[in-house]
Structure formats: structure tokens, C-alpha cells
Amino acid sequence: MATRTLARRITMALTAPALALGATVSLTSAPASAAVWSSCDQWGSTTLNGYTLYNDIWGSGAGSQCIWANSGTNWGVNANHPNTGGIKAYPNAKKVINKSITSLGSLSSSYNVSVPSSGAYNTSYDIWDTGYKYEIMLWMNKTGAVGPLGTSQGTLTLGGHTWTVYKGNNGSNDVFSFVRTSNSSSGTVSILPILKWIKDTKGWFGNVTVGDLQFGFEITSSSGGLNFTVNSESVSSS
């Protein structure tokens with residue numbers, strides 16, 4: 001469920017190092033690997049080959065989580081969050097687009113992930129306009145007691161996938177969630193047709209400028225420590 005607020009986004013982006021000093025989240029050791037970067041900090045982040053990685057432990061009642069990366073498109077986390085409700089974290093890799101919908105000729109992404117069979121989470125894209133008024137989530141898979149914000153708008157086949165579409169508001173921004181009707185761990189999604197459908201067919205927003213395009217794991221519970229891995233990802237636009 002998308003409950004992240006604009007205030008949290010801005011705080012995470014601008015003051016993450018300072019907040020990390022007061023973090024109360026318990027820490028575990030980073031995985032033993034040849035990763036070029038790792039962090040167990042609540043707001044740990046780095047930039048690798050054009051992607052910005054965030055550990056992003058933001059929800060109340062969170063446990064521990066460590067992120068590692070071989071590159072901006074090959075990374076993962078070990079997360080140990082309790083079996084309670086509410087999103088605990090959204091570890092992700094961000095690509096900045098900064099183009100309006102009408103100026104884009106294409107926008108697509110390929111993904112390949114390895115995810116646990118237990119816990120409660122979704123693997124999702126989280127796409128924002130530059131004003132952080134609109135949030136578009138694309139759920140590629142989900143496990144456990146998780147669900148999107150808002151009310152169902154029906155089923156739609158678009159961008160190479162079939163989705164159930166939800167429309168809602170979290171008090172800070174509108175949220176449009178596209179939940180794949182069956183789980184997928186790898187594939188390609190054409191994102192621009194989805195944005196154009198929201199703009200032109202539904203009129204839920206105008207010619208907004210696409211800002212952050214994030215991909216990661218929205219984790220509610222992962223008791224005992226579960227591994228989530230992005231084996232590969234790519235974002236392309238023209």
C-alpha cells in the first residue's frame with residue numbers, strides 16, 4: 001500500500017546523512033559478497049552508473065535491513081522485519097527521467113528479480129512527477145497480506161501486461177496502482193503507454209514531467225531475515 005508522503009521523500013533525499021545519526025533501527029551485518037557497496041544505515045544511499053540506491057527503512061516498527069550492490073542495476077537486501085502490518089521499507093534504485101509525457105518517445109524498463117516465497121511484500125516500480133503530486137506504482141509481483149491503496153478501477157491490458165488498476169490518495173498525493181494479475185519475476189514493461197492512458201484516456205493528470213523512476217521491494221514483513229535480489233534491471237527512454 002502506497003503510504004509514503006512527500007515530506008518523507010524530501011527528508012530522505014536532503015537530510016538522509018543527518019537522520020542516519022539518530023536512527024533507532026537495529027542493524028545487522030552486510031552480506032558477505034564481492035559487492036562494491038553495502039550499507040545497514042536506515043537511509044543508506046549511493047549512486048552507481050546513473051542509478052541512486054536507497055536502503056530506505058521508513059515505516060514504523062521496522063526491524064533491520066542491509067543493502068548491497070554490485071552496480072546500480074544488480075543489487076539486493078537482506079531484510080528482517082517483524083510480522084506486523086504496515087510497510088517497513090522500500091529499498092530501491094532510482095533513475096531520474098526529467099521529461100514531460102508528450103516529449104517522451106518511449107519509456108520502458110526490463111527487470112529480473114529473485115524474491116522469497118514467504119513474508120509480505122511487493123516488487124514494484126514507483127514513478128513520480130517532478131512536483132510529487134502523482135505517484136504511479138506498477139506491482140510486478142506480490143506475496144502475503146499486502147494490497148494497493150484506493151479503489152479498483154477495473155482490469156486493463158497495457159504496456160505488455162494485464163493489470164488491476166487502483167486509484168487513491170494517501171493525504172499527500174494521488175496514487176495510481178497497477179497490480180499485475182499474475183506474479184512476474186522477469187520481463188519488460190512499456191511505461192509510457194500507461195502514463196499516456198492516465199493522462200489522455202482517464203484525465204487523472206495533465207502533461208506532467210516524469211521525475212523519479214524507482215524500482216525495488218516494498219516490504220511489510222520478512223521475519224527471520226529474507227533476501228531480495230535485483231539480478232538485473234534497465235531503464236531506457238527517448
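Figured I'd write up the structure that's included with this text. (Residues numbered from 1 in each chain as written. Predicted model: local features only at pLDDT ≥ 70, side-chain atom pairs only at ≥ 80, totals over all residues. Heavy atoms only, no water.)

**Remarks on the overall build of the protein chain**
Here comes step 1: Assigned secondary structure in the protein chain consists of two helices and 15 strands.
Here comes step 2: Taken across its 238 residues, the protein chain has 53% of its residues classed as buried.
Here comes step 3: For the protein chain, restricting intrachain contacts to residue pairs at least 6 apart in sequence, the fraction spanning at least 24 positions comes to 68%.
Here comes step 4: Counting only carbon and sulfur atoms, one obtains 49% of the accessible surface of the protein chain, whose full area is about 9,200 Å². (Helix = DSSP H or I, 4+ residues; strand = E, 2+ residues; numbered from the N terminus. Buried < 20%, exposed > 50% of the residue type's maximum accessible area, 1.4 Å probe, protein only. Contact = heavy atoms within 4.5 Å. Areas by Shrake-Rupley, 256 points an atom, 1.4 Å probe, with all protein chains shown as cover.)

**Quick word on the state of the cysteines**
Here comes step 1: Applying the stated criterion across every chain yields a total of one disulfide.
Here comes step 2: Sulfur-sulfur distance for the disulfide between Cys 40 and Cys 66 comes to 1.9 Å. On the sign convention where negative means left-handed, the S-S torsion of about 105° between Cys 40 and Cys 66 marks this disulfide as right-handed. A residue pair is termed long-range when its members are at least 10 positions apart, and Cys 40 in the loop between strand E1 (37–39) and strand E2 (45–48) and Cys 66 in strand E4 (residues 64–71) qualify at 26 residues. The pair Cys 40 / Cys 66 is uniform in exposure class, with both members buried. (Disulfide = S-S within 2.5 Å.)

**A closer look at the pairing of strand E10 (residues 151–158)**
Here comes step 1: Pairing geometry for E10 and strand E11 (residues 161–169), over seven bridges, is antiparallel. Opposite Leu 156, over in E11, you have Trp 163 as the bridge partner. (Pairing = 2+ DSSP bridges.)

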